[in-house]
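Tertiary structure, described
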Amino acid sequence: MSTDGSLIEQLRGLEEEALAAVETAESGEALEEVRVAFLGRREGRVSGILRKLGQLPPEERPRLGAEANRVKARLGEALEARESALTREDRTEAHSEDLTLPGRERWIGGRHPVTQVVDELVGIFRDLGFSLARGPEAETEWYNFEALNTPLDHPAADEQDTLYLKGGNLLRSHTSPVQVRVMESHEPPIRILAPGMVYRRDSYDATHTPAFAQLEGLAVDEGITFVDLKATLAEFARRYWGAGTRVRFRPSFFPFTEPSAEVDVKRVFQDEAGIQRETDWIEIMGAGMVDPAVLEASGLDAERYTGFAFGMGPGRIGMLKYGVPDLRLFFENDVRFLQQFARS
Ligand code: PHE
């Protein structure tokens, strides 16, 4: 039996052994050890076999040489493949997310508390037959004052002094201009609500801010009287604050209504112990019968139509409802405050 057969067998045995060692190597260093042990020039076991080449008869040497090259190449590939697999594992371990960590909670926005109040108020008046109307925040003096029976040199115009824009327009000081715009463009019957931001040269304190939300209402038709105004606002107050709520009208003055009133509410309710309680009278809005001059300025026949109007500040109503002591809290955008009103 020729020795070359046994050398080739030894070579194949080495190949198996080396491939197994490559597969089980768990680190770069372990792989390098395998490489040196099998392919190292001096000590490597494949080289060891090649060194015996000289013992073979010359015609058999090429076969062993070729086989040795095949084994070297195969081992080289296996080493390389294992090496890149190991680095990949390495990278995954070092940089991947920790899948056992709890997820990040999603931020869920909420409606601003004043917006929530506006939506509730609008919902109640919608049930009473009012629809929504909107108008521009930048207004003309005509719509903000003159059409509302407020000459520019009247003290009432001073009270609602506001910011003027280039070109003579101004930031509306109430949403009443929307009422004029609606009367101009619609024939009665009219029943609208005008919510929106309004602006005044006001102080910035616990109950005043120079920009605030307002909600005004207007009803115009034939035969509307003060009784309709009282009944509508009393019904609104009972729906918003509870069935026992009482409403009081105090004579007042607005240029655009005649007669005019301040409207107060008193909540009468049972506490948790079942004892009847009542609050003080709290002023919630201004109201009155639309001045005939306003109807005429808006293009309506004041002999034929009458109407009532009212206006309130949803921010103040929110203060009452939620027991918020300072109106400014609604505008400072402190999430710790606003979060308390988030409803998911
Ligand atoms: N426009 C008035 C204001 O802003 C509120 C109001 C509206 C009063 C309608 C009476 C009738 O102060």
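Higher on the page you've got the structure.
Keep in mind that this is a model prediction, so the values were computed, not measured.

Turning to the packing of aromatic side chains, a few remarks are in order. Tallied over the full model, the rule gives 13 aromatic pairs. Relative to Tyr240, the ring of Phe236 lies with its centre 6.1 Å away and its plane at 15 degrees, an arrangement referred to as stacked. Note that Phe236 and Tyr240 are positioned in helix H9 (residues 226–241) at a spacing of four residues, about one turn of the helix. According to the relative accessible area criterion, Phe236 is buried, its value standing at 0%. Pairing Tyr240 with Trp241 gives two aromatic rings, centres 4.7 Å apart and planes at 90 degrees, and the pair type is edge-to-face. Under the relative-accessibility criterion, Trp241 is labelled buried at 12%.

Turning our attention to the site of the ligand. In the vicinity of the ligand lie 14 residues, with His174, Ser176, Arg200, Gln214 and Glu216 positioned nearest. Side-chain polar atom of Ser176 to a nitrogen atom of the ligand: 3.0 Å apart, as the coordinates give it. Side-chain polar atom of Glu216 to a nitrogen atom of the ligand: 2.7 Å apart, as the coordinates give it. With the chains in place, 92% of the 330 Å² that the ligand exposes on its own is no longer accessible. Looking at the shell around the ligand, the elements that each hand over two or more residues are strand E5 (211–221), strand E10 (282–290) and strand E11 (306–312). No other element matches the three residues that E11 contributes to the shell around the ligand. Of the residues in the shell around the ligand, the class split is five nonpolar, seven polar and two charged.

The subject of this paragraph is the packing of helix H5 (residues 113–127) against H9. The interhelical angle for the contact between H5 and H9, taken along N-to-C directions, is 130 degrees, at an axis separation of 10 Å. In terms of axis orientation, H5 runs oblique to H9. Helix-helix and strand crossings are classified by hand; for H5 and H9 the assignment is right-handed. For the pair H5 and H9, the contacting residues are Val117, Glu120, Leu121, Ile124, Phe125 and Asp127 in the first and Thr232, Leu233, Phe236, Arg239 and Tyr240 in the second. Within the contact of H5 with H9, the residues separate by chemical class into seven nonpolar, one polar and three charged.

Rules behind the numbers
- Residues numbered from 1 in each chain as written.
- Predicted model: local features only at pLDDT ≥ 70, side-chain atom pairs only at ≥ 80, totals over all residues.
- Heavy atoms only, no water.
- Phe/Tyr/Trp six-rings, centres within 6.5 Å; stacked < 30°, edge-to-face > 60°.
- Helix = DSSP H or I, 4+ residues; strand = E, 2+ residues; numbered from the N terminus.
- Buried < 20%, exposed > 50% of the residue type's maximum accessible area, 1.4 Å probe, protein only.
- Near = heavy atom within 4 Å.
- Polar contact = N/O pair within 3.5 Å; in protein donor to acceptor, adjacent residues only side chain to side chain.
- Areas by Shrake-Rupley, 256 points an atom, 1.4 Å probe, with all protein chains shown as cover.
- Nonpolar A, V, L, I, M, F, W, Y, C, P; charged D, E, K, R; others polar.
- Axes fitted to C-alpha atoms, helices over the stretch in contact; angles between N-to-C directions.
- Parallel < 35°, antiparallel > 145°, perpendicular 65-115°, else oblique.
- Left-handed = near helix turned anticlockwise from the far one by under 90°.
- Contact = heavy atoms within 4.5 Å.

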